[in-house]
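Close look at the chain arrangement
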There are 2 protein chains.
Amino acid sequence: MTESGSNNDRSHLAGATSVILDAITFDANGLVPAIAQQADSGEVLMLAWMNRDAVEETLKTGFAHYYSRSRKALWRKGETSGQTQSVRDIRIDCDGDTVLLLVDQKGVACHTGRHNCFFRAPRDGSLRDVHPVVTSPDALYGKSGDGG
Amino acid sequence: MTESGSNNDRSHLAGATSVILDAITFDANGLVPAIAQQADSGEVLMLAWMNRDAVEETLKTGFAHYYSRSRKALWRKGETSGQTQSVRDIRIDCDGDTVLLLVDQKGVACHTGRHNCFFRAPRDGSLRDVHPVVTSPDALYGKSGDGG
């Protein structure tokens, strides 16, 4: 459904770091919102934020890196939980202020143990969880539960 | 692929305005990023921003409303171009700081006349347009080209 580069060749990513950085309009905090979408199914997994270092590391390594606003640090998705995102392609939107990452999610994207973070929906006047927990957060993070 | 409410019944939206507003963490500017995804295909169409009024109008009318940061005004998507978004469902993410709208896009989402805004991808060391212009911007906006 969403096109992407060939599965194993990421040379189109690593070789385009400077043109991609030039195309992105980072906000006043040096950040840009990044949507992670499962490349084959189109499932929207999560939204996180990237700074320049996160973009560079993502393109260099082929694995999604973000900037943690709470920890104020570069964050390699899955560094604690093992739930990494292998990046197939990257898209920049029309005005350069949003990034779309087409990824292969290993395991689950959400720190709650759900496959994606968008699991709360209005039903009968309340918010209900419409996606199940498929992996215990304890199994992902031990008892500390820091996310990532 | 993405589940949603029945096509014509939006009572689950209008009746949940207060619980949805309570679940959203608006940023220091009173805004939250909102991803619009085509409900049936899973295509990520665009990212825009919502304030409280935009959320309320979206749930009340069933059509996506955003807050235009450039115009500093509530923006009914398609108010100029006619390219409206009928909202099938709304999702709030795990920490309440992103909204996902599952929509039926009328026509094209992007002011450039492409079906979605994420059309720039790295190819051979440059950014290339990977989605075609399907509707002329002049046809959408006349000669003024204001977006929306």
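Because the structure is a prediction, the values reported are computed rather than measured.

About the criteria used
- Residues numbered from 1 in each chain as written.
- Chains lettered and ligands numbered in written order.
- Predicted model: local features only at pLDDT ≥ 70, side-chain atom pairs only at ≥ 80, totals over all residues.
- Heavy atoms only, no water.
- pLDDT = per-residue confidence, 0-100.
- Contact = heavy atoms within 4.5 Å.
- Salt bridge = Lys/Arg side-chain N within 4 Å of Asp/Glu carboxyl O.
- Buried < 20%, exposed > 50% of the residue type's maximum accessible area, 1.4 Å probe, protein only.
- Helix = DSSP H or I, 4+ residues; strand = E, 2+ residues; numbered from the N terminus.
- Lys, Arg positive; Asp, Glu negative; His and termini not counted.
- Polar contact = N/O pair within 3.5 Å; in protein donor to acceptor, adjacent residues only side chain to side chain.
- Buried area = accessible area lost by both parts, 1.4 Å probe.

Residues and elements named next belong to chain A. In this model, chain A carries a mean pLDDT of 91, and residues with pLDDT of at least 70 account for 91%. Low pLDDT, under 50, characterises residues 1-6; the stretch is placed with 20 contacts to residues that sit more than four places away or in other chains. Reported for the predicted complex are a pTM of 0.92 and an ipTM of 0.91.

It is worth spelling out the pattern of salt bridges at this point. The full count for this structure, using the stated rule, is 16 salt bridges over all chains. Here R91 of chain A and D89 of chain A are joined by a salt bridge, their closest N and O atoms 3.3 Å apart. The salt bridge partner of E79 of chain B is R71 of chain B, with a shortest N-O separation of 3.4 Å. For R71 of chain B, a relative accessible area of 34% puts it in the partly exposed group. Salt bridges here are not isolated pairs; linked through shared partners, they connect D89 and R91 of chain A together with R123 of chain B.

With respect to the secondary-structure elements, E43 of chain B resides in the loop between β1 (32-38) and β2 (44-50). Buried within the structure, E43 of chain B lacks any salt-bridge partner; its nearest side chain of opposite charge belongs to R91 of chain A, at an N-O separation of 8.6 Å. Separated by 2.9 Å, the side chains of E43 of chain B and H115 of chain B make a polar contact.

Moving on: unusual backbone geometry. All names here are of chain A. At D124, a position not held by glycine, the phi torsion is positive, near 55°. Positionally, D124 belongs in the loop between β7 (120-123) and β8 (126-129). Relative accessible area serves as the criterion here: at 67%, D124 is assigned to the exposed category.

With 46 residues of chain B at the interface, the matching set in chain A holds 46 residues. Buried surface at the junction of chain B and chain A, summed over both partners, amounts to about 3,500 Å²; 64% is from carbon and sulfur atoms. Between R69 of chain B and D97 of chain A there is a salt bridge, and its shortest N-O distance comes to 3.2 Å. Linking chain B with chain A are 12 residue pairs in polar contact (both at pLDDT 80 or more).

A separate point is the environment of R114 of chain B. Residue and element names in this part refer to chain B. One can find R114 in the loop between β6 (99-105) and β7 (120-123). On the accessibility criterion, R114 (10% relative accessible area) is buried. Taking C-alpha positions, R114 is 18 Å from D40, a pair spaced 74 residues apart along the chain. Sequence-distant contacts of R114, defined by excluding residues within four places in its chain, comprise V108, A109, F119, D129, H131, P132 and V133. Among the polar contacts listed, one links the side chain of R114 to the side chain of D129, at a separation of 2.9 Å.

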